[in-house]
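# Structural overview for review
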Amino acid sequence: MNRREFAAALAALAAMPTAIGGTALALTQGASGHPRLLVSSAEWTSLATRRKADPDLDRFVALVLDRARKDLDRPQLERKLDGRRLLGVSREFIRRVLQWAFAFRTTGDVVFLDRARREMLAVAAFPDWNPSHYLDVAEMTAGMAIGYDWLFNELPADARATIRQAIVGNGIGQARNGHKTFRSTNNWSQVCIGGMVLGALAVRDDEPALARDLLAAAQKDVFIGLSAYKPDGVYPEGPGYWSYGTTYSVLLIAALRNAGMSDWGVLAAPGFAGSAEFYAHSIGPSAKHFNFADGNEGQELPSPIVYLARELNQPALLTAKRDMIRKNQGVADRFAPLSILWWPAAESAPLPPLSYAGQGPQPVAIWRSSWTDPDAFWFAIKGGGAGHNHGHMDAGSFVLDMDGLRWAKDLGMQDYLSLESRGIDLWNMKQDSSRWKVFRLGSDAHNTLTVSGQPHSATAMASLRMVSDREALIDLAQVLGLRQATRRARFSNDAVEIEDQIEGATPGRDIRWAMCTEADIRIEGKTAILSQKGKLLHARFDGDTTRLEIRDISAPRSEIDHANPNTRQLIAVAPAGADSGWRLGVRFTRG
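What comes next is a walk through the structure.

### What about the overall build of the protein chain?
The helix and strand inventory of the protein chain stands at 17 helices and 17 strands. Compactness check: the protein chain gives a C-alpha radius of gyration of 25 Å against a globular reference of 25 Å for 591 residues, within 12% of the reference. For the protein chain, the C-alpha atoms occupy an extent of roughly 80 × 50 × 45 Å along the three principal directions. Counting over 591 residues, the protein chain shows a buried share of 60%.

### Examining helix H4 (residues 55-70)
Each turn of an α-helix holds 3.6 residues, which means side chains three or four residues apart point in the same direction. With 16 residues, H4 extends 22 Å between its outermost C-alpha atoms, agreeing within 8% with the 22 Å of an ideal straight helix rising 1.5 Å per residue. Residues Asp56, Leu57, Phe60, Val61, Leu63, Val64, Leu65 and Ala68 constitute the buried set of H4. The elements touched by buried residues of H4 are helix H3 (47-53), helix H5 (87-107), helix H6 (110-124), helix H14 (319-326) and helix H15 (336-342). Where H4 begins, one side-chain oxygen reaches toward the backbone nitrogen of Asp56, 3.0 Å away; that side chain belongs to Asp54.

### Quick word on unusual backbone geometry
In the segment running from His34 into Pro35, the intervening peptide bond is cis, with an omega of -5°. Here Pro35 is to be found in the loop between helix H1 (3-15) and helix H2 (41-45). Omega for the bond connecting Lys230 with Pro231 falls within 30 degrees of zero, at -10°, which places this linkage in the cis form. Residue position: Pro231 is located in the loop between helix H10 (208-226) and helix H11 (238-258). In this model, Ala287 sits at a positive phi of 70°, which is unusual for a non-glycine residue.

### Some words on the sheet that holds strand E15 (residues 547-552)
Pairing is antiparallel across the open sheet formed by four strands, whose spatial order is E6-E11-E16-E15. At either margin of the open sheet sits one strand with a lone partner, and together these are strand E6 (449-451) and E15. Recorded for the sheet is a direction-independent mean angle of 25° between the axes of neighbouring strands. Here three bridges tie E6 to strand E11 (residues 510-517), and the two strands are oriented antiparallel to one another. Each residue of the ladder has a partner; that of Leu449, found in E11, is Trp513.

### A short note on H5
An ideal rise of 1.5 Å per residue puts 30 Å on 21 residues; H5 measures up with 30 Å between its terminal C-alpha atoms. The buried fraction of H5 is high, at 16 of 21 residues. Immediately beyond the C-terminal end of H5, within one or two residues, lies Gly108, with a positive phi of roughly 80°.

### A few points about the environment of Leu38
Among the structural elements, Leu38 can be located in the loop between H1 and H2. Looking at Leu38, the relative accessible area reads 2%, which means it is buried. With 522 residues separating them in the primary sequence, Leu38 and Ile560 have C-alpha atoms 42 Å apart.

### Observations regarding the pairing of strand E4 (residues 398-402)
Looking down a regular strand, the side chains alternate between one sheet face and the other. The element E4 is largely enclosed, with a buried count of five among its five residues. A two-sided burial pattern is seen for E4, the buried positions comprising Phe398, Leu400 and Met402 on one face and Val399 and Asp401 on the other. Pairing of strand E3 (residues 378-382) with E4, which is carried by four bridges, proceeds in the antiparallel orientation. Following the sheet pairing, Trp378 is matched in E4 by Asp401.

### Describing the packing of helix H9 (residues 187-202) against H11
One can describe the packing of H9 onto H11 by two numbers: an axis separation of 8 Å at closest approach and a directional angle of 30°. On the basis of the axis angle, H9 is roughly parallel to H11. Crossing of H9 against H11: the hand is left-handed. From H9, Asn187, Gln190, Val191, Ile193, Gly194, Gly195, Val197, Leu198 and Leu201 reach across to H11, where they touch Tyr241, Tyr244, Gly245, Thr246, Tyr248, Ser249, Leu251, Leu252, Ala255 and Leu256. Its residues assigned to classes, the contact of H9 with H11 shows 12 nonpolar, seven polar and no charged.

### Topic: the nonpolar core
Of all hydrophobic cores here, the largest spans 139 residues; its most connected members are Leu37, Leu38, Phe102, Met144, Trp150, Val197 and Trp342. Excluding residues within four positions of it along the chain, Leu37 makes contact with Ala145, Ile146, Asp149, Trp150, Leu198, Leu201, Ala202, Ala255 and Asn258. Core analysis: the next-biggest nonpolar cluster, separate from the first, contains 49 residues, Phe398, Trp407, Ala408 and Ile521 among them.

### Considering the pattern of salt bridges
Going through the model one piece at a time under the given rule, you end up with 53 salt bridges. Between Asp500 and Arg487 there is a salt bridge, and its shortest N-O distance comes to 2.7 Å. Residue Asp500 is located in strand E10 (residues 495-503), and its partner Arg487 is located in strand E9 (residues 484-492); the two are separated by 13 residues in the primary sequence. Of the two residues, Asp500 and Arg487, neither departs from the other in class, the shared state being buried. By sharing partners, the salt bridges in this structure join Arg67, Asp71, Arg74, Glu92, Arg95, Arg96, Arg115 and Glu119 into a single network.

Rules used in this analysis
- Residues numbered from 1 in each chain as written.
- Predicted model: local features only at pLDDT ≥ 70, side-chain atom pairs only at ≥ 80, totals over all residues.
- Heavy atoms only, no water.
- Helix = DSSP H or I, 4+ residues; strand = E, 2+ residues; numbered from the N terminus.
- Rg over C-alpha atoms; globule rule 2.2 N^0.38 Å.
- Buried < 20%, exposed > 50% of the residue type's maximum accessible area, 1.4 Å probe, protein only.
- Expected span 1.5 Å × (residues − 1).
- Contact = heavy atoms within 4.5 Å.
- Polar contact = N/O pair within 3.5 Å; in protein donor to acceptor, adjacent residues only side chain to side chain.
- Pairing = 2+ DSSP bridges.
- Axes fitted to C-alpha atoms, helices over the stretch in contact; angles between N-to-C directions.
- Parallel < 35°, antiparallel > 145°, perpendicular 65-115°, else oblique.
- Left-handed = near helix turned anticlockwise from the far one by under 90°.
- Nonpolar A, V, L, I, M, F, W, Y, C, P; charged D, E, K, R; others polar.
- Core = buried A, V, L, I, M, F, W, Y, C linked by side-chain atoms within 4.5 Å.
- Salt bridge = Lys/Arg side-chain N within 4 Å of Asp/Glu carboxyl O.

Nothing here speaks to function; it is geometry throughout.
What follows is the structure, given as structure tokens:
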């Protein structure tokens, strides 16, 4: 599917009627009208047939059922905070209850029903779900709502009443007329609205007025958080947080549709459906993400990419996920049962384009030489920078895959508690914030330029413009505080070129080029030869007089930093010329 066809598919989605009648739902619902959350009767009843037709789906189901059985002996969850968060408990609760409810509904084994019931009653007995950090409440409510709905007809009446009271008292009752998190411009809005709506729809038979009020408040604010996807679907908090925020928006869509309502226009929101393409392109042949901002490079199997691949009729977007399943991966995601139930038919379909570019607060350009060759070249680069939620000082940073390996890497995030417990003002994004003293977050750790060791501007953002299909130009001037500074990236099927030019620097001041890697490095003149696992990558530098260096960054730089095992930086340094100018080019090729 090319870009024009992709745009046409999005337009068709926007024009689709989004209300789904209740007739089909009645096929597998009990007298109570449950189950009704997220999954249609057809998705439940067709699973056995679809498993027979798709070996990957069959393996996925087997993996989840195996884990569900192995988890039966786990001790019940307790209300233990991790710093100021209960979020880890909420997420583990979702994972357990969904897998056990799914296992019961697909196997009929009551041991799964009993274990899910006991876990839900234990969490219902918590005095609260940590409302001071409302993500915790939203996720716990989501898990309770799904378990309550999927197991409703088999739960004893007293257990249903206890769970329902907890959903109301610890969850949706606090957001009857909305909640301040609904108006957040980041993933908090999506998660909290999605979680509260699931709770309201689960108990609406017994709490019709409460459900009606909450749904009205959620609908009023739903597009605030969705503004992050404008204009092209590049999620500014990175692929990892795309999975988080988009999961709850997809849960919202599916829950509303299965309740016989419209999806409030969420699926057709600018950039939302198209963000699936951004996410799929963000995974390189190494099976690692372009993990800019607060992200990690390892991939998961998030349910929204499955749902959107099906809705867009683009099953090829799941290519990397099928590879995960074949390696017995993917079951760790807490919503894995939903991925199974939403899994599209294994039909042949056109592959996505080989390149992707998108604008927004963190614009990106991503290229690959092939979707099917495991040794393909893959290169991703970004503009943007620190001036956004979860942002790093990473304007101009890039990552590179070749021969199935990650050669230029982003170190990713450092876990929040390790920093907050040491007094780091982590959510202060100002220039003098202690946030920027964390090595992984500052400009010194990223694959970009710095001037005389100075950090990037915390507020300036770099633009990215596509010069052609295979060439991008990034303007770093404001980020570096210079009159002119550009980074130009060119991609071909067997090479990547980066050219940096600066004007207006103080003569004699050092300009530093850097790239993080796990490869071993040998320097021969102006060529760096990188090696790992028997493969070679050559980085040939040209331009102003340059010295190449290797810097070991595996050990923590300070007491607040984490280690970066087996990681080093390839560094090129040269002073600005007498005319205040500076230029450096590098060409990456196979050895």
